[in-house]
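Descriptive analysis of the structure
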Amino acid sequence: MSLDFPNIDPVAFSIGPLPIRWYSLAYIAGFLMGWKYCLYLAGLDKERRPNKKDIDDFLPWAILGVILGGRLGYVMFYNPELYWANPIEIPQIWHGGMSFHGGTLGVIAAIIIFAISNKVPILALADKLCCAVPIGLFFGRIANFINGELFGKVSNVPWAMTFPRGGGMPRHPSQLYEALLEGAVLFLILFAFSRVDFFRKSYGFLAGVFLCGYGAFRFIIEYFREPDIQ
């Protein structure tokens, strides 16, 4: 007994011949809502940097760090032989293939370079951004679910689903587990800490909570998630 996969069209809509996918919209939603949330957090500490202008200025750096880091991370960590043999495939991100680990490294590099160049405390900037990251993780995992990818291990739980590419076996909808834990729950934890002046003004504390929380939740979910084929 398993639930039927809803078979949502990965293409949300088309503009002429250009298909707009839910996965692309998830990235856009994550960046826009994360940016607005960081502006809100910056407004709570108007006397300290990063201020709202710093957040505005950093947005393109964040986008570049996530996309370049995420793609290069996927190329290097998951399928290097394929891409070294077909380097023309590397920039074709519309074919899929982004790595959270690579995106994280890309954003860390962007934070360091931007903060040093603009004389912004590195950990203070990291704190603001880490509070917003679960927003992007939430939408990204929902998009993974819509795409029917990154599903879980075979299971007989009542909410198991039969994914089109899952070999006809009911599986954990682990994308939804990740959206819940790495996205919604982690966001609420960070929100609660960010409301306390002492924690919000302790440089690096919120970033540390994010790293510990994400690591713990990802560790748990790996017991339910099907390992990547690579």
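This report concerns the structure included in the present document. (Residues numbered from 1 in each chain as written. Predicted model: local features only at pLDDT ≥ 70, side-chain atom pairs only at ≥ 80, totals over all residues. Heavy atoms only, no water.)

Let's talk about the pattern of salt bridges
The criterion, for reference: Throughout this description, the term salt bridge denotes a Lys or Arg side-chain nitrogen within 4 Å of a carboxyl oxygen of Asp or Glu. Going along the chain from the N terminus, every DSSP run of H or I of four or more residues is numbered as a helix, and every run of E of two or more is numbered as a strand.
By the definition in use, this model includes 10 salt bridges. With a shortest N-O distance of 3.1 Å, Glu226 and Arg171 are connected by a salt bridge. Remark: Arg171 occurs in strand 5 (residues 170–171) and Glu226 occurs in the segment after helix 8 (205–221); sequence separation between them is 55 residues. With a closest N to O distance of 2.7 Å, Arg218 and Glu222 form a salt bridge. Each of Arg141, Glu178, Glu182 and Arg225 takes part in salt bridges that share partners, so that together they form one network.

Let's talk about the nonpolar core
Applicable threshold: Note on terminology: a nonpolar core comprises buried Ala, Val, Leu, Ile, Met, Phe, Trp, Tyr and Cys residues joined through side-chain atoms within 4.5 Å. Any residue under 20% of the maximum accessible area for its type is buried, any over 50% is exposed, and the rest in between are partly exposed; the area is computed with a 1.4 Å probe on protein chains only. The contact definition used throughout considers only heavy atoms, calling two residues in contact when any of these lie within 4.5 Å.
If you look at the biggest cluster of nonpolar residues, it comprises 30 residues, and the most contacted ones within it are Phe58, Ile111, Leu125 and Phe210. Elements with a contribution of two residues or more to this core: helix 1 (22–44), helix 2 (52–77), helix 4 (100–118), helix 5 (122–147), helix 6 (174–194) and helix 8. Non-local contacts of Leu125, meaning those with residues more than four positions away in its chain, are made with Pro50, Ile55, Phe58, Ile111, Phe114, Ala115 and Val120. Phe5, Phe145, Phe151 and Met161 belong to the second largest nonpolar core, which has five residues in total.

A closer look at the packing of aromatic side chains
Stated formally: Pairing of aromatic rings covers Phe, Tyr and the six-membered ring of Trp, with a centre-to-centre limit of 6.5 Å; geometry is then stacked below 30 degrees between planes, edge-to-face above 60, and tilted otherwise.
Throughout the structure, instances matching the rule amount to 20 aromatic pairs. When the ring of Phe193 is compared with that of Phe205, the centres are 5.4 Å apart and the planes differ by 70 degrees; the resulting orientation is edge-to-face. Of this pair, Phe193 sits in helix 6 while Phe205 is found in helix 8, placing the two residues 12 residues apart along the sequence. Phe205 sits in the partly exposed class, given a relative accessible area of 29%. When the centroid spacing of 6.1 Å and the interplanar angle of 25 degrees are considered together, the rings of Phe210 and Tyr214 count as stacked. With Phe210 and Tyr214 both in helix 8 and four residues apart, this pair spans about one turn of that helix.

Side note on the environment of Phe31
Examined against the element boundaries, Phe31 turns out to sit in helix 1. Note: C-alpha distance between Phe31 and Arg165 (134 residues apart in sequence) is 29 Å. Not counting residues within four places of it along the chain, the set of residues in contact with Phe31 comprises Leu59, Ala62, Ile63 and Val66.

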